[in-house]
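Residue-level listing of the chains:
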Amino acid sequence: LPAVTSPCKILKCNSEFWAATSGSHHLGAEEAPEFCTALRAYAHCTRRTARTCRGDLAYHSAVHGIDDLMVQHNCSKDGPTSQPRLRTLPPGDSQERSDSPEICHYEKSFHKHSAAPNYTHCGLFGDPHLRTFTDTFQTCKVQGAWPLIDNNYLNVQVTNTPVLPGSSATATSKLTIIFKSFQECVDQKVYQAEMDELPAAFVDGSKNGGDKHGANSLKITEKVSGQHIEIQAKYIGTTIVVRQVGRYLTFAVRMPEEVVNAVEDRDSQGLYLCLRGCPLNQQIDFQTIRSAQATEGRTRRKGPSLPAPPEAFTYETATAKCREKLPVEDLYFQSCVFDLLTTGDVNFMLAAYYAFEDVKMLHSNKDKLHLYERTRNLSPGNMAPMGTHPTLWVALLCLCWLCLL
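What you are looking at is a predicted structure, and each value in this text was computed from that prediction instead of being measured.

Asker: Lay out the packing of helix H9 (residues 331-343) against helix H10 (residues 347-362) with the relevant residues and their values.
Answerer: The interhelical angle for the contact between H9 and H10, taken along N-to-C directions, is 160°, at an axis separation of 8 Å. The orientation of H9 relative to H10 falls into the category roughly antiparallel. The two elements H9 and H10 meet at a crossing, and its hand is right-handed. On H10, the residues touching Tyr 332, Cys 336, Asp 339, Leu 340 and Thr 343 of H9 are Phe 348, Met 349, Ala 352, Ala 355, Phe 356 and Val 359. Partitioned by chemical class, the residues of the contact of H9 with H10 number nine nonpolar, one polar and one charged.

In structure tokens:
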């Protein structure tokens, strides 16, 4: 299959500007024209890629940031745009800071005289499967760009693309996270990952929260090169895990309820998948599909017919494969079976496995690690009840016939 790539080149613009200006805040006033030259080059780069970046959060963040910097440094929009010489970070830069004010540590500052915060978890993986902050489990279509989180502290947006040409099976190919500037703790930072590009730094090349005194309350750590990064945002008590499994990305977050619900106007707020779930018209009826899986050997969704997957799994072989990594037949196991039958890509088994590993690490209630069935709640964003295991259905039907006799 041809690789799905984004024509938006904002990452390139960001990295060029960072490389040209790293350490420039330590320079004297005589170097200001050099900074303005780099800033104009940055603006020129964003204009060149504007048409292909219209829906990109990192692009819009960069454009607003450029305007602010132009004003702060009294830069003229007219002038040379050649890149100044590359700089290296001087010793003692904020990247090396280890001290942070108390307000930049969520548990110390907000809960000094009260009970420990209640942490919640949200995850997105596979084709794609969503576990919300309220432990609702959904399987969704959500092709294109969708907001996962949108509150007063950060925004997270995912882009899902078709796994196979002509199919409604989608998986996450791009992820953008914007950490908003917060008091004396962190500057605004943007993290962006795409298929085959899982950086261990923010788009400006930094690995922490910038130049403020509490910069290290926001930090990126690379766990496995190109496969697994972790972002700690201590000032909001939040941990984010991003992985690339096969060609696609997975997302998991641990966040205090207070931060989850920190929105200006919740009633009028738009979609926020981790909080509200997928819209009903984007959800997949797992109950109906599982019946088809058990009887036909593999699922076919409503809509365009799926082309033959690269590797043909039957219901039995998919079940056996998923048991290798997921011995408990919960919704993570069922998602694994579903994805193998839908895509034929064994990497989706690993995505389900790592998603559950992240739940074990991030979820604060160990009694809720495994989910076994969906429930229809009063809120409009939840899935219909999940069907009982096919074997149990057969036993129940036999029992009913015996009762009638």
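Asker: Would you mind going over the packing of aromatic side chains in detail, with residue names and values included?
Answerer: Under the criterion given, the structure shown has nine aromatic pairs. Consider the rings of Phe 179 and Phe 202, whose centres lie 6.0 Å apart with planes at 80°: the pair is edge-to-face. Of this pair, Phe 179 sits in strand E6 (residues 170-179) while Phe 202 is found in the loop between strand E7 (189-194) and strand E8 (218-224), placing the two residues 23 residues apart along the sequence. Accessibility expressed as a relative area gives 3% for Phe 202, which makes it buried. Members of the aromatic cluster, joined through ring pairs, are Phe 125, Phe 137, Tyr 332 and Phe 356. Over the ring of Tyr 119 we find Arg 254, and its NZ or CZ is 3.7 Å from the ring centre. Over the ring of Tyr 353 we find Lys 325, and its NZ or CZ is 4.7 Å from the ring centre.

Asker: Talk me through the sheet that holds strand E1 (residues 119-125); I want residue IDs and the actual numbers.
Answerer: The strand order across the open sheet built from seven strands is E3-E2-E1-E11-E10-E9-E8, with neighbouring strands paired in antiparallel fashion. Edge positions in the sheet fall to strand E3 (137-139) and E8, since each has one partner strand and no second. Averaged over all pairs of adjacent strands, the angle between strand axes in this sheet comes to 10°, irrespective of strand direction. In terms of strand pairing, E1 meets strand E11 (residues 248-256) through six bridges, oriented antiparallel. Residue pairing across strands places Thr 120 opposite Met 255, the latter belonging to E11. Relative to strand E10 (residues 238-245), H10 is tilted by about 165°, and along the sheet it contacts E1, strand E2 (129-131), strand E9 (228-233), E10 and E11.

Asker: Any details on the confidence of the model for the protein chain? Residues and values, ideally.
Answerer: Interpreting fine coordinate detail is not advised for predicted regions of low pLDDT. Summing up the model confidence of the protein chain, the mean pLDDT is 78 and the portion of residues at 70 or higher is 73%. pLDDT under 50 marks residues 1-5. Its contacts with residues more than four places away, or in other chains, come to eight contacts. Across residues 83-98 the pLDDT falls below 50, and counting only partners more than four positions away or on other chains, this stretch makes 45 contacts in the model.

Asker: Can you tell me about the pairing of E6, naming the residues and giving the values?
Answerer: With ten of its ten residues buried, E6 lies for the most part within the structure. Looking at chain direction, strand E5 (residues 154-162) and E6 are connected through nine bridges and run antiparallel. Across the sheet, Val 158 pairs through a bridge with Leu 175, a residue of E6. Across six bridges, E6 lies against E7 in antiparallel orientation.

Asker: Explain the state of the cysteines residue by residue, including any values.
Answerer: Counting across every chain of the model gives six disulfides. Between the sulfur atoms of Cys 322 and its disulfide mate Cys 336 the distance is 2.0 Å. Torsion about the S-S bond of the Cys 322 and Cys 336 cystine: about -90°, corresponding to left-handed handedness. Here Cys 322 is found in helix H8 (residues 315-323), whereas its partner Cys 336 is found in helix H9, with 14 residues between them in sequence. Its relative accessible area of 0% is what places Cys 322 among the buried residues. Looking at Cys 336, the relative accessible area reads 0%, which means it is buried.

Cut-offs and rules
Residues numbered from 1 in each chain as written. Predicted model: local features only at pLDDT ≥ 70, side-chain atom pairs only at ≥ 80, totals over all residues. Heavy atoms only, no water. Axes fitted to C-alpha atoms, helices over the stretch in contact; angles between N-to-C directions. Helix = DSSP H or I, 4+ residues; strand = E, 2+ residues; numbered from the N terminus. Parallel < 35°, antiparallel > 145°, perpendicular 65-115°, else oblique. Left-handed = near helix turned anticlockwise from the far one by under 90°. Contact = heavy atoms within 4.5 Å. Nonpolar A, V, L, I, M, F, W, Y, C, P; charged D, E, K, R; others polar. Phe/Tyr/Trp six-rings, centres within 6.5 Å; stacked < 30°, edge-to-face > 60°. Buried < 20%, exposed > 50% of the residue type's maximum accessible area, 1.4 Å probe, protein only. Lys NZ or Arg CZ within 6 Å of the ring centre and 35° of its normal. Pairing = 2+ DSSP bridges. pLDDT = per-residue confidence, 0-100. Disulfide = S-S within 2.5 Å.

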